[in-house]
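These are the residues of each chain, in order.
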Amino acid sequence: MDVPLSWYLLVAAALFCIGLAGALSRRNAIAVLMSVELMLNSVNINLLAFWRHVEVVKATLSGQAFAIIVITVAAAEAAVGLALAIALYRNRRTVDVEDVDLMKL
Amino acid sequence: MTVSQVVFILLSIAALGGALGVVFARNLFRSALALVLSFVGVAGFYVLLEAELLAMIQILVYVGAIAILIIFAIMLSRRLMSSETLPWNEQWVGAVIVAVVLFAALVFVLIRVDWPTAEAQVPPDAISLLGQSLVSPDFYVLPFEVASVLLLVALVGAVIIAREQ
Amino acid sequence: MGIINFILNFWVELGDWVAGVLSGWGVPQWGVNLIADIVGVVILLVVGVAAVLIFTPMERKVIGRMQDRPGPNRTPGYGAIQAVADAIKMLTKEDIIPRNADRFLHMLAPLLVAVPALLVYAVLPFGPRLVGQNLNVGILFVVAIGAVHVVAVLIAAWGSNNKYALLSGFRVVNQLLAYEIPMVLCILTVILFTKTMSLQGMVEAQTVPYFVVMPVTGLIFLVAALAEANRSPVDLIEADSEMVAGYIIEYSGMKFAMFFIAEYVNMFAVGILISTLFLGGWKFFGLEDLAPVLTPVIVFAKATFVIFVMLWFRATFPRMRFDHLVGFAWKFLVPLSLVNLFIAALVVKIPVADPVQEPWIHGGVMLLANIVVIIATAIILNRTARRVEGAPALKRIAAVER
């Protein structure tokens, strides 16, 4: 317990913001997906840090259960997102998010 | 500076360095490897937080499956390894500003709040308790079952979307 | 009596004596712990690398004898130090990196393959008090290390800048991912019986070796571990008729040797793992209570037996075609291990009045259930084989012979 809670939260916030910058600024769709995975990881660190330091009733392991659900959802989302990227590449020969603008005005 | 704090700093260098590598690397394969480094760093955090089962699950699922999926997708969508354009799109200035502002706001909040602490110990038989809490109707059986249905739907959907016509 | 006790508990007594000497010299407790940990790490590394030195010539001599030829016998000692000769040869070769390959990835891949193979030794139990780190998620640690190996293969394939290496890397990853699932399902079946994930706990829970209790699980795990370790009959790297040398085609010299060092280290670790999970680990009909000093010897003997079986497979079976291999994993091993898992989940819940008899009753029922599964599988395979297109050919052959 000699690593205080605020350190974990700071690292998680930094990871989230780096992931956010990547998701908004990268050109390649797969790079955007990688940045989204970083954001989900930072959420997991937050969950576990709060469970470890703040939760009184630890026997239900709520932090770990929630983190497992988040990992599951991240895996499902990565699978579908990458399938979409591959289908996009097959049809348009590009995974550049700048080129996928049919629905723009 | 206790040993845990030194280990924490090393792990955060790995996790944040990997994250910076994902965002700033020009070669897409190198950013995938930086992502793997970041995942391993985060798994180290879980071990520090006394959640070893979750650290192993993190490595198994993220490094062993998601990172491989990402690498396969990168390999299947390469256009003969050409990178004429910069890897950033047109709105990268706004993205960086948003990220920095958000980080400043979060740090401002996090440092000022007086977090409540509870010194309760992590139970020694955490693994069996986790199993019970995931299937007990008093606790988390509903998100667990919904997550398994979600996985099935995502699996079928991904296979159908990525199928060759 | 003191000296006999010292010899019988030799490893533990030696560790305590050295710790006592260090404390006597004034080293603080954290220093003694640190030195003990470093010495443990060095011992495990030496064990891992010694496995390479022993099993390289052993494999070639055993396979040679099975093929009625002497095997390597030019080096002194009837070919026993062949591995040293191989190492000297590899060290004197030129180190080539392809021109357009990514240098960093090309150099990283052999390390990333070799180091995780050695990490597994940290959780393997060599005795009742001889384990590197008794993690309470030990078996999951081993599976996670196997998952890291997959990423290392992809890096090696990509870093060679060679289309054929890339294709071979895809195939190897396909095989590794396909066989990871029956392996994990079999491990789950064992965990249902031992009720703990730590490897030391698994050895202590085996009053009867689990290979006798659930032979189907043991056999599936053996095949899946063979495939994970890229051994014949499922080896696609060493197959000279397939893509020359697979994803290690562009590696020369010591980097090439690192892949094979990793394979032998992995094979020994798999041998110890199978003996821990299914053959009773460091237990041997009570010998471990009489003379705990012999427990590493027991573990090595069982692991060597498992490796001998693996070499026997290599010398005997022809190589499988890739789609047969992957289809075998997905269409046969996964349903079979799922059925086994369900049966184990039911058997474990049988209420037993007397907790001392519990392992025998659960074990006996599981053994019967496994025999039923084997017979049912044989019958189903028989019926399915008759409906396959090869059946008319069999009838034609039978008609000609008549």
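Residues numbered from 1 in each chain as written. Chains lettered and ligands numbered in written order. Predicted model: local features only at pLDDT ≥ 70, side-chain atom pairs only at ≥ 80, totals over all residues.

Peer 1: Is there a simple way to explain the overall build of chain A in this structure?
Peer 2: Across its full length, chain A holds three helices and zero strands. Seen in sequence order, chain A has helices and strands lined up from the N terminus as α-α-α. Over its C-alpha atoms chain A spans a radius of gyration of 17 Å, topping by over 25% the 13 Å that the globule rule assigns to 105 residues. Dimensions of chain A, computed from C-alpha atoms along their principal axes, come out at roughly 55 × 25 × 25 Å. In chain A, which comprises 105 residues, the proportion classed as buried is 53%. (Helix = DSSP H or I, 4+ residues; strand = E, 2+ residues; numbered from the N terminus. Rg over C-alpha atoms; globule rule 2.2 N^0.38 Å. Buried ≥ 20, exposed ≤ 12 C-beta atoms within 10 Å, placed from the backbone.)

Peer 1: Would you take a moment to explain the overall build of chain C for this structure?
Peer 2: Within chain C, the secondary structure is distributed over 16 helices and two strands. Here chain C has a C-alpha radius of gyration of 24 Å; the compact-globule value for 402 residues is 21 Å, and the two agree. Considered along the principal axes of its C-alpha atoms, chain C spans approximately 85 × 70 × 40 Å. In chain C, which comprises 402 residues, the share counted as buried stands at 38%. Of the contacts made within chain C by residues no fewer than 6 positions apart, 76% connect residues no fewer than 24 positions apart. (Contact = placed C-beta atoms within 7 Å.)

Peer 1: Sorry if this is basic, but what is going on with the interface of chain B and chain C here?
Peer 2: In many reports, interface size means the accessible area that the parts give up when they come together. Between chain B and chain C, the contact holds 14 residues from the first and 15 residues from the second. Of all elements in the fold, only α2 (28-48) and α3 (52-76) of chain B reach the threshold of two or more residues within the side of chain B that touches chain C. With eleven residues, α3(B) is the single largest residue contributor to the side of chain B that touches chain C. Residue composition of the side of chain B that touches chain C, grouped by class: twelve nonpolar, one polar and one charged. (Nonpolar A, V, L, I, M, F, W, Y, C, P; charged D, E, K, R; others polar.)

Peer 1: Can you help me understand the confidence of the model for chain C in this one?
Peer 2: Should the pLDDT be low somewhere, the predicted coordinates at that spot are not to be read in detail. Confidence in the prediction for chain C averages 86 pLDDT; 95% of positions are at 70 or higher. For this predicted complex, the interface score ipTM comes out at 0.91, while the overall pTM is 0.90. (pLDDT = per-residue confidence, 0-100.)

Peer 1: How do you make sense of the packing of helix α10 (residues 215-228) of chain C against helix α14 (residues 322-348) of chain C when you look at a structure like this?
Peer 2: Each packed pair of helices is defined by two parameters, the angle between the axes and the distance between the axes. All names here are of chain C. Interaxial distance between α10 and α14 falls to 10 Å at its minimum, and their mutual angle equals 145 degrees. α10 and α14 meet at a crossing whose hand is left-handed. Residues Val216, Thr217, Ile220, Val223 and Ala224 of α10 touch α14, and the partners they reach there are Leu333, Leu336, Ser337 and Asn340. (Axes fitted to C-alpha atoms, helices over the stretch in contact; angles between N-to-C directions. Left-handed = near helix turned anticlockwise from the far one by under 90°.)

Peer 1: Would you take a moment to explain the arrangement of the chains for this structure?
Peer 2: Here two pairs of chains are in contact, and chains A and B lead that list by number of contacts. Taking C-alpha atoms as the reference, chain A and chain C come no closer than 15 Å and do not contact one another.

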